[in-house]
Amino acid sequence: MKQDDIMILKEIQKSTHIAMTTIDTILDKVSDDEFTLKLSKQSIGYARIHNDAVEQLVEEQSSPYRSNQAADMALRGSIHLGTMLNTSTSHLAEMMIQGSNRGLTSMYKTVKHNTLARERSVELARELMDFEEKSIEQMKDYL
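Residues numbered from 1 in each chain as written. Predicted model: local features only at pLDDT ≥ 70, side-chain atom pairs only at ≥ 80, totals over all residues. Heavy atoms only, no water.

Novice: Whenever I open this one, the overall build of the protein confuses me. Can you help?
Specialist: The helix and strand tally for the protein stands at five helices and zero strands. Scanning the protein from its N terminus toward the C terminus, one meets helices and strands in the order α-α-α-α-α. For 143 residues, the compact-globule estimate of 2.2 N^0.38 gives 15 Å, and the C-alpha radius of gyration of the protein, at 15 Å, lies within 12% of that figure. Viewed in the frame of its principal axes, the protein has a C-alpha envelope of about 45 × 30 × 25 Å. Looking at the 143 residues of the protein, the share that counts as buried comes to 42%. Summarising the internal contacts of the protein: among those between residues at least 6 apart in sequence, 83% fall at separations of at least 24. Total accessible area computed for the protein in this model is approximately 8,100 Å², and 52% of it derives from carbon and sulfur atoms. Seen as two clouds, the 17 positive and the 22 negative side-chain charges of the protein have centres 5 Å apart. (Helix = DSSP H or I, 4+ residues; strand = E, 2+ residues; numbered from the N terminus. Rg over C-alpha atoms; globule rule 2.2 N^0.38 Å. Buried < 20%, exposed > 50% of the residue type's maximum accessible area, 1.4 Å probe, protein only. Contact = heavy atoms within 4.5 Å. Areas by Shrake-Rupley, 256 points an atom, 1.4 Å probe, with all protein chains shown as cover. Lys, Arg positive; Asp, Glu negative; His and termini not counted. Charge placed at Lys NZ, Arg CZ, Asp CG, Glu CD.)

What follows is the structure, given as structure tokens:
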């Protein structure tokens, strides 16, 4: 496996991990059942893509991305701060959109800088980017 593939797959893992952690943290603050269901389905989608990236890395005997506890705590803390005064569905949807936009930007950048990656890795990155775009569209309904 080329280094470019490893970089893309680890970025996929990182991005999906952040998304799942964000959803997990936000779910405690949601009062709208329909919104809860939508977020839960998104989390399942992120988990599937995350597991596909891990599987590809393991198949090639490369170590997967490992999250940093300090970064996870900072992310959760940031979410708690951002929702301290406002837990409206609209605000939570806006936070999800902002996070998805950051994930999209990061993936585009990673793919662009790792041009020697094989199609299989790039295809999974594209799948994540498409999923992020669809997630944004779904969240717009709650603004």
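Text resumes after the structure shown.
Novice: It is not clear to me how the pattern of salt bridges should be interpreted in this structure. Could you clarify?
Specialist: A side chain of one charge can pair with a side chain of the opposite charge when the charged atoms of the two come close. Under the defined criterion, the tally for this structure stands at nine salt bridges. In this structure, Glu-59 engages Arg-120 in a salt bridge whose closest nitrogen and oxygen atoms are separated by 2.9 Å. With Glu-59 in helix α2 (residues 33–59) and Arg-120 in helix α5 (residues 119–140), this pair connects stretches of sequence that are 61 residues apart. Classification of Glu-59 by relative accessible area gives partly exposed; the value is 42%. Residue Arg-120 is classed as partly exposed on the basis of its relative accessible area, which comes to 41%. Of the charged contacts, one joins Glu-119 and Arg-126 as a salt bridge, the two residues approaching to 3.0 Å between their closest N and O atoms. Overall, the relative accessible area of 38% leaves Arg-126 in the partly exposed class. Each of Asp-5, Glu-60 and Arg-118 takes part in a single network of salt bridges with overlapping partners. (Salt bridge = Lys/Arg side-chain N within 4 Å of Asp/Glu carboxyl O.)

Novice: Sorry, what's going on with the nonpolar core here?
Specialist: A general feature of soluble globular proteins is that nonpolar side chains tend to end up buried together. Residues Ile-12, Phe-35 and Leu-39 are the most contacted members of the largest nonpolar core, which totals 33 residues. Listed by contribution, the elements that provide at least two residues to this core are α1 (3–27), α2, α4 (89–113) and α5. (Core = buried A, V, L, I, M, F, W, Y, C linked by side-chain atoms within 4.5 Å.)

Novice: What's the story with the side chain of Asp-5 in this structure? I'm lost.
Specialist: With respect to the helices and strands, Asp-5 occurs in helix α1. Excluding anything up to four places from it in sequence, Asp-5 contacts Ala-117, Arg-118 and Ser-121.

Novice: Explain the environment of Ser-40 here, please?
Specialist: Within the element layout of this structure, Ser-40 appears in helix α2. The exposure class assigned to Ser-40 is partly exposed, which follows from its relative accessible area of 27%. Each C-alpha atom, one on Ser-40 and one on Ile-26, is 11 Å from the other, the two residues being 14 residues apart in sequence.

Novice: Looking at this structure, I do not really get the packing of aromatic side chains. What am I missing?
Specialist: Taken as a whole and assessed by the stated rule, the structure comprises two aromatic pairs. Taking 4.8 Å as the distance between ring centres and 80 degrees as the angle between the ring planes, the aromatic pair formed by Tyr-46 and Phe-131 counts as edge-to-face. Note that Tyr-46 is positioned in helix α2 and Phe-131 in helix α5, a separation of 85 residues in sequence. You'll find Tyr-46 and Phe-131 in the same group, each marked buried. (Phe/Tyr/Trp six-rings, centres within 6.5 Å; stacked < 30°, edge-to-face > 60°.)

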